[in-house]
Amino acid sequence: MLASLGLILLCQLIGEAITRGFGLLLPGPVVGLLLLLILLLVRDRFAIIAQGPLRNGGVETASRGLLNNLSLLFVPAGVGVVEKLDLIYAHGIAIVLILALSVVVTLLATVLTFRLVSRLFGHEAP
Amino acid sequence: MKDHAFSLWVYLSQSPLLWLTITLLVYAVSEALSLALHRHPLANPVLHAVWIIGVFLFVTSTPYPVYFSGAQFVHFLLGPATVALAIPLYENRRIVLASIVPMLAALVVGSVTAAASIVLLAKAAGLPRDVVLSLAPKSVTAAVAMGISETLHADPSLTAVAVILTGIMGAIIVTPLMNWSGIIDFRARGFAAGIAAHGIGTARAFQVDEVAGVFSGIAMSLNALVTSLLVPLAVTQLLR
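Nothing here was measured: the structure is a model prediction, and the numbers come from that model. (Residues numbered from 1 in each chain as written. Chains lettered and ligands numbered in written order. Predicted model: local features only at pLDDT ≥ 70, side-chain atom pairs only at ≥ 80, totals over all residues. Heavy atoms only, no water.)

**Overview of the packing of aromatic side chains**
Residues and elements named next belong to chain B. Our working definition: Pairing of aromatic side chains here covers Phe, Tyr and the six-membered ring of Trp, requires ring centres within 6.5 Å, and sorts the geometry by plane angle: under 30 degrees stacked, over 60 edge-to-face, intermediate tilted. The helix count covers DSSP runs of H or I at least four residues long, the strand count covers runs of E at least two residues long, and both are numbered beginning at the N terminus. Note on exposure labels: buried denotes an accessible area under 20% of the residue type's maximum, exposed denotes more than 50%, and partly exposed covers the range between, all computed with a 1.4 Å probe on protein chains only.
On inspection of all chains with the given rule, the structure shows seven aromatic pairs over all chains. Ring geometry for Trp-19 and Tyr-67: centres 6.0 Å apart, planes at 75°, overall edge-to-face. Of this pair, Trp-19 sits in helix α2 (residues 16–36) while Tyr-67 is found in helix α4 (residues 64–76), placing the two residues 48 residues apart along the sequence. Accessibility expressed as a relative area gives 0% for Trp-19, which makes it buried.

Here you go:
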């Protein structure tokens, strides 16, 4: 469990070092995600690196633990909204309404494009 | 006795323990409520935990930075949780690879729509220029959005508010909207949730369906990349 968490943190750390070091626009944890993914794919090829957290679903269990509580992790940043209520009041309800409208338009545009292209190219769900 | 209680409060309210405990307990209650209501969209655990803790801070006149000094331990885990998205992605790699073309098309259309729609709507609503700029990156995850906001010389704190509001609204709207549209493809539904509502949309997607969660996580990561390239460009074009 601890080794698995350590591996996840290490991937993030290397990701941060790469993005900062090269001045990339990508967030560090996204690079960390790619690193962990590559590590898992390499493990399938070369059994020799299936050690510690990469054995018996170690890192898988730790990751699931984090993802099962993903909503919780947004609470501290979310509470920050109450501090900025005056900003919301200043422009009335307009901001909330246009954000909601934009969300609906974005959801529909994305989902319809996905379905349309999926059907055109025959990439249906297996 | 009253003095005693007061000095105890002063001590506890300055320690991370109190705020960490409150964050976990209030969330546990909103999560239990969400489960009891069969994951009804309006029982969104982030939404309810946020306002309950917000009211508590208001009643005890606790400044947000004091609260955050304790809650930051939870906040910190957002990074590792993003890395952890590698696991469902790895386990669903076949279905992801088989959907690469529709994913890329939806990514381009979704990212452009998210940024362009909010800038055009905010302009039409007559909002001041600095507010329009601050709202533009609202569909990407908070850390990235605030970085974009800084490069635009907008207000990163307003951007953070817009990001959280967008995530919560997206998480509430996505299921009823998709059911209403009759779309049953969970790859497409999840992908849309991740593009429109970043991590909070992804958390919602995982509640509904594992495949939806995977596609939402991918969408969120790709959108962070595309939006940080696109928004500065789109804003200069749309706000001339």
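**Here we look at the packing of helix α6 (residues 94–120) of chain A against helix α12 (residues 186–208) of chain B**
Just so we agree on the cut-off: All axes here are fitted lines through C-alpha atoms, helices being fitted over the stretch that makes contact, and every angle between N-to-C directions spans 0 to 180 degrees. Left-handed describes a crossing in which the near helix is turned anticlockwise from the far one by less than a right angle; the clockwise case is right-handed. When checking whether two residues touch, look at their non-hydrogen atoms; a contact exists if any pair is within 4.5 Å. Residues are grouped as follows: Ala, Val, Leu, Ile, Met, Phe, Trp, Tyr, Cys and Pro are nonpolar; Asp, Glu, Lys and Arg are charged; every other residue, Gly included, is polar.
Two elements in contact, α6 of chain A and α12 of chain B, have axes separated by 8 Å at closest approach and are oriented at 145°. When the axes of α6 of chain A and α12 of chain B are compared, the crossing they make is right-handed. Listed contacts from α12 of chain B to Val-103, Thr-106, Leu-107, Thr-110, Val-111, Phe-114, Arg-115 and Ser-118 of chain A of α6 of chain A are Arg-187, Ala-188, Arg-189, Phe-191, Ala-192, Ala-193, Ile-195 and Ala-196 of chain B. Here the residues of the contact of α6 of chain A with α12 of chain B sort into 10 nonpolar, three polar and three charged.

**What about the nonpolar core?**
Heads up, the rule is: Definition of nonpolar core: a set of buried residues of the types Ala, Val, Leu, Ile, Met, Phe, Trp, Tyr and Cys, connected through side-chain atoms within 4.5 Å.
Core analysis: the biggest nonpolar cluster contains 104 residues, and Leu-36 of chain A together with Tyr-67, Leu-135 and Phe-191 of chain B have the highest contact counts within it. No other element matches helix α11 (residues 156–181) of chain B, which puts 13 residues into this core. If near-sequence neighbours (up to four positions away) are discounted, Phe-191 of chain B is found in contact with Thr-110 and Phe-114 of chain A together with Met-103, Ala-106, Leu-107, Phe-215, Ser-216 and Ala-219 of chain B.

**Description of the pattern of salt bridges**
Filter applied, for reference: Within this document, salt bridges are pairs made up of a side-chain nitrogen of Lys or Arg and a carboxyl oxygen of Asp or Glu, the two lying within 4 Å of each other.
Enumeration over the complete set of coordinates arrives at eight salt bridges over all chains. Residue Arg-115 of chain A is joined to Asp-185 of chain B by a salt bridge in which the shortest nitrogen-to-oxygen separation is 2.7 Å. With Arg-115 of chain A in helix α6 and Asp-185 of chain B in the loop between α11 and α12, this pair bridges two chains. In terms of burial, Arg-115 of chain A and Asp-185 of chain B fall into one category: buried. Across the pair Glu-31 of chain B and Arg-39 of chain B runs a salt bridge whose closest N-O atoms are separated by 2.8 Å. What makes Glu-31 of chain B buried here is its relative accessible area of 17%. Sharing partners across several salt bridges, the network here consists of Arg-43, Asp-44 and Glu-60 of chain A together with Arg-93 of chain B.

**Section: the UniProt feature "transmembrane region" (unreviewed entry) in chain B**
Residues and elements named next belong to chain B. Quick note on the threshold: UniProt positions are given in the numbering used here, feature names are shortened, and annotations may be inferred rather than shown by experiment.
In the numbering used here, UniProt assigns the feature "transmembrane region" (unreviewed entry) to residues 17–37, 49–67, 73–90, 97–122, 158–178 and 214–235. With 79% helix and 0% strand, residues 49–67 has its two end C-alpha atoms placed 14 Å apart. Helix makes up 100% of residues 158–178 and strand 0%. Its end C-alpha atoms lie 29 Å apart.

**Here we look at the domain arrangement of chain B**
Residues and elements named next belong to chain B. Stated precisely, the cut-off is as follows: Segmentation into domains, and thus their bounds, comes from an automatic or database assignment. Accessible-area loss on putting two parts together, using a 1.4 Å probe and summing over both, is the definition of buried area adopted here. In the analysis that follows, any N or O atom pair within 3.5 Å is treated as a polar contact, provided that within protein one partner can donate a hydrogen and the other can accept it, and provided that, for residues neighboring in sequence, both atoms belong to side chains.
Its domain assignment divides chain B into domain 1 (2–76) and domain 2 (82–238). Taking only C-alpha atoms into account, the centre of domain 1 sits 27 Å from that of domain 2. With eight residues of domain 1 in contact, the opposing surface of domain 2 contributes eight residues. Between domain 1 and domain 2 lies a buried interface of about 700 Å² when both sides are counted; carbon and sulfur atoms form 70% of it. Of all residues in domain 1, the largest losses of buried area upon contact with domain 2 belong to Arg-39, Pro-41 and Asn-44, amounting jointly to 58% of the total for that side. For the interface between domain 1 and domain 2, the tally reads one residue pair in polar contact (both at pLDDT 80 or more). For the side of domain 1 that touches domain 2, the leading source of residues is helix α3 (residues 45–59), giving three residues. Tallied by class, residues from the side of domain 1 that touches domain 2 come to five nonpolar, two polar and one charged.

**Some details on the interface of chain B and chain A**
Each partner contributes residues to the interface: chain B has 95 residues there, and chain A has 68 residues. At the junction of chain B with chain A, the criterion picks out four salt bridges. Its salt-bridge partner being Arg-64 of chain A, residue Glu-91 of chain B comes within 2.2 Å of it at the nearest N-O pair. One can count eight residue pairs in polar contact (both at pLDDT 80 or more) joining chain B with chain A. Across the side of chain B that touches chain A, the residue classes break down as 69 nonpolar, 18 polar and eight charged.

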